[in-house]
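Structural overview
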Amino acid sequence: MENNKEDLIVVLAGYKDKMDAFYGFIPGMASRIGNHIEFPDYEDDELVEIGKVMCRELEYKLGPGAEPALKDYLSKRKRMPFFANARTVRNAIDLARMGSAIRVFNEKMSPSSNGMVSEDELMTIMPDDFPAPEDGLTGIES
């Protein structure tokens, strides 16, 4: 490789703390890498926009109050271990979709319900469908 170094590009990518640990395993490794580029985490509003796009692509919509609930969830998750930007958003949306399905099932199984489910009910995520932030750690972002 040394003889052909002008023809070789190696890209190492990962979160800063993980990359720092990686560099620490091999003395001098960090100084052998020519460029270090650090990308900042997304802002809360950007993460919510990513979540809205994910919902739209899945043909779901965020019901009344769900957008602030998503923002609150993500804001809290950012301060917890294993936060992974858009991957955390995807996991939050997946957990909310499951929460929505359970909520609709429970509502329609109650004795006071006629049991009929509309498409709109099936495709709407409500604020309570989002898990508590610590519950989001069960599917650790990987």
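In what follows, the accompanying structure is described. What you are looking at is a predicted structure, and each value in this text was computed from that prediction instead of being measured.

A full pass over the atoms with the stated rule returns 12 salt bridges. Of the charged contacts, one joins lysine 78 and aspartate 44 as a salt bridge, the two residues approaching to 3.3 Å between their closest N and O atoms. Pair noted here: lysine 78 is in the loop between α4 (66-77) and α5 (86-109) and aspartate 44 is in helix α3 (residues 44-57), with a separation of 34 residues, a long-range link. A salt bridge links lysine 61 to aspartate 120, with the shortest nitrogen-to-oxygen separation between them at 2.6 Å. In this pair, lysine 61 is assigned in strand β1 (residues 61-62) and aspartate 120 in helix α6 (residues 119-122), connecting sequence segments 59 residues apart. Of the residues examined, lysine 61 reaches a relative accessible area of 41% and is grouped as partly exposed. Judged by its relative accessible area of 44%, aspartate 120 falls in the partly exposed class. Members of the salt-bridge network, linked through shared partners, are Glu49, Lys52 and Glu67.

Attention now moves to the packing of aromatic side chains. Throughout the structure, instances matching the rule amount to 1 aromatic pair. Their ring planes at 55 degrees and their centres at 5.9 Å tell us that phenylalanine 22 and tyrosine 23 sit as a pair that is tilted. On the accessibility criterion, phenylalanine 22 (32% relative accessible area) is partly exposed. What makes tyrosine 23 buried here is its relative accessible area of 13%.

To continue, consider unusual backbone geometry. A positive phi angle, near 65 degrees, is found at glutamate 59, a position not held by glycine. Looking at the element boundaries, glutamate 59 is found in the loop between α3 and β1. The exposed category is assigned to glutamate 59, whose relative accessible area is 62%. Although it is not a glycine, asparagine 85 sits at a positive phi angle of roughly 50 degrees. Classification of asparagine 85 as buried rests on a relative accessible area of 8%.

Moving on, we get to the packing of α3 against α5. The angle between the axes and the distance between the axes are what describe a pair of packed helices. Following both chains from N to C, one finds α3 and α5 inclined at 50 degrees, their axes separated by 9 Å at the closest point. Here α3 is positioned oblique relative to α5, judged by the angle of their axes. In the crossing of α3 with α5, the sense of the turn from one axis to the other is right-handed. Residues Leu47, Ile50, Gly51, Met54 and Cys55 of α3 form the contact with α5, whose own contacting residues are Ala86, Val89, Arg90 and Ile93. Among the residues making up the contact of α3 with α5, the classes are represented as 7 nonpolar, 1 polar and 1 charged.

What follows concerns the side chain of lysine 108. Structurally, lysine 108 is set in helix α5. Within the structure, lysine 108 has its side chain in polar contact with the side chain of glutamate 121 (distance 2.9 Å). Not counting chain neighbours up to four residues away, the residues in contact with lysine 108 comprise Ser113, Gly115, Met116, Val117 and Glu121.

Turning our eyes to something else, we now look at the layout of surface pockets. The calculated volume of the largest pocket comes to roughly 1100 Å³. Broken down by element, the lining of the largest pocket gets its largest block of residues, 4 residues, from helix α1 (residues 16-25). Its residues placed into classes, the lining of the largest pocket shows 16 nonpolar, 5 polar and 7 charged. Looking at the second largest pocket, it is lined by 12 residues, and the ones nearest its centre are Tyr15, Asp17, Phe82, Phe83 and Ala84. Grouping the constituent residues of the lining of the second largest pocket by class yields 6 nonpolar, no polar and 6 charged.

Scoring rules and cut-offs
Residues numbered from 1 in each chain as written. Predicted model: local features only at pLDDT ≥ 70, side-chain atom pairs only at ≥ 80, totals over all residues. Heavy atoms only, no water. Salt bridge = Lys/Arg side-chain N within 4 Å of Asp/Glu carboxyl O. Helix = DSSP H or I, 4+ residues; strand = E, 2+ residues; numbered from the N terminus. Buried < 20%, exposed > 50% of the residue type's maximum accessible area, 1.4 Å probe, protein only. Phe/Tyr/Trp six-rings, centres within 6.5 Å; stacked < 30°, edge-to-face > 60°. Axes fitted to C-alpha atoms, helices over the stretch in contact; angles between N-to-C directions. Parallel < 35°, antiparallel > 145°, perpendicular 65-115°, else oblique. Left-handed = near helix turned anticlockwise from the far one by under 90°. Contact = heavy atoms within 4.5 Å. Nonpolar A, V, L, I, M, F, W, Y, C, P; charged D, E, K, R; others polar. Polar contact = N/O pair within 3.5 Å; in protein donor to acceptor, adjacent residues only side chain to side chain. 1 Å grid on protein atoms, 1.4 Å probe; cavity = no way out; pocket = protein on both sides within 12 Å on 5 of 7 lines; lining within 4 Å. Points joined across faces, edges and corners; volume = space filled by probe spheres on them.

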